[in-house]
Amino acid sequence: DGGITQSPKYLFRKEGQNVTLSCEQNLNHDAMYWYRQDPGQGLRLIYYSQIVNDFQKGDIAEGYSVSREKKESFPLTVTSAQKNPTAFYLCASNRDSSSSYNSPLHFGNGTRLTVT
Amino acid sequence: GDSVTQMEGPVTLSEEAFLTINCTYTATGYPSLFWYVQYPGEGLQLLLKATKADDKGSNKGFEATYRKETTSFHLEKGSVQVSDSAVYFCALRPTSGTYKYIFGTGTRLKVLA
């Protein structure tokens, strides 16, 4: 079955360390997204990518970086510059094209990052 | 700018009660509208969608109608079950060429046996 795989499910890091969250999809989707979820705040967009080798900052990109070297993969690095990195991180994708603006997002099961 | 407003939770109901979760939006044109559900520790799953005025999305007993005149997309279910306990998110995708989706803050539903 096609889907989005995020790994690991739980991640623990010490303050000051960079950490990379994995996101892989086999849906052949063009667009991929990273969201951060905090209790009571809904979803906030970190980065998104419409095609390989291209990505755009979302609303809260500071302290994060991404790459999109392959269509299937969109890893997120949480750097030591991110002031409050402890959160639930969700990766999503959709098949996006100029004629599919109504296509829904498909989500992975998330990675819960705890930084102490 | 574009936005989505959902009713505050938590919503607590007894099994077999009628459910309404309100969602209103602000956007130009005719955005696509979505309801997602999130179970504890999981990602969001698409529940239903509507892409034009008066469209009714439905799935698993849940329904929502795209009301352009009131800019609303309220989620309803006639008889909830304990297994419906989750967080529900209303979302929109503008038609203005952006690739962004706008999410509400989510409404937690708790169904008691």
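Residues numbered from 1 in each chain as written. Chains lettered and ligands numbered in written order. Predicted model: local features only at pLDDT ≥ 70, side-chain atom pairs only at ≥ 80, totals over all residues. Heavy atoms only, no water.

A. Inspection of the pairing of strand β4 (residues 23-26) of chain B at higher detail. All names here are of chain B. Burial along β4 is one-sided: the residues Cys23 and Tyr25 are buried and none of Thr24 and Thr26 is. Across four bridges, strand β1 (residues 3-6) lies against β4 in antiparallel orientation. Bridging from a neighbouring strand, Ser3 pairs with Thr26 of β4. (Buried < 20%, exposed > 50% of the residue type's maximum accessible area, 1.4 Å probe, protein only. Helix = DSSP H or I, 4+ residues; strand = E, 2+ residues; numbered from the N terminus. Pairing = 2+ DSSP bridges.)

B. Expanded view of the packing of aromatic side chains. Taken as a whole and judged by the stated rule, the model has 14 aromatic pairs over all chains. Ring centres of Tyr33(A) and Tyr35(A) lie 6.3 Å apart, and the angle between their planes is 15°; on these two criteria the pair is classed as stacked. The buried category is assigned to Tyr35(A), whose relative accessible area is 1%. With centroids separated by 5.6 Å and ring planes inclined at 40°, the aromatic side chains of Phe62(B) and Tyr88(B) adopt a geometry described as tilted. Here Tyr88(B) lies in strand β10 (residues 86-93) and Phe62(B) lies in strand β8 (residues 62-65), a separation of 26 residues in the sequence. Residue classification places Tyr88(B) among the buried residues on the basis of a relative accessible area of 0%. Among the aromatic side chains, those forming a connected cluster through ring pairs are Tyr33(A), Tyr35(A), Tyr48(A), Phe107(A), Phe34(B), Tyr36(B), Tyr101(B) and Phe103(B). Above the plane of the ring of Phe74(A) lies Arg68(A), whose end atom (NZ or CZ) is 6.0 Å from the centre. Of note, Lys68(B) hangs over the ring of Tyr30(B), and the distance from its end group to the ring centre comes to 4.4 Å. (Phe/Tyr/Trp six-rings, centres within 6.5 Å; stacked < 30°, edge-to-face > 60°. Lys NZ or Arg CZ within 6 Å of the ring centre and 35° of its normal.)

C. Local environment of the interface of chain B and chain A. Across the contact, 22 residues belong to chain B and 25 residues belong to chain A. Carbon and sulfur atoms make up 55% of the area that chain B and chain A hide from each other, which totals about 1900 Å². For chain B, the biggest contributors to the area lost against chain A are Tyr99(B), Lys100(B) and Tyr101(B); these three give 31% of the whole. Run the count over chain B and chain A and you get one salt bridge. (Contact = heavy atoms within 4.5 Å. Buried area = accessible area lost by both parts, 1.4 Å probe. Salt bridge = Lys/Arg side-chain N within 4 Å of Asp/Glu carboxyl O.)

D. Structural detail: the sheet that holds strand β3 (residues 19-25) of chain A. Residue and element names in this part refer to chain A. Taken together, the four strands give an open sheet; going across it, the order is β1-β3-β8-β7, and neighbouring strands pair in antiparallel fashion. Only two strands of the sheet have a single partner each, and these edge strands are β1 (4-7) and β7 (64-66). On average, each strand axis in the sheet is inclined to that of its neighbour by 20°, with strand direction left out of account. Pairing of β7 with strand β8 (residues 76-78), which is carried by three bridges, proceeds in the antiparallel orientation. (Axes fitted to C-alpha atoms, helices over the stretch in contact; angles between N-to-C directions.)

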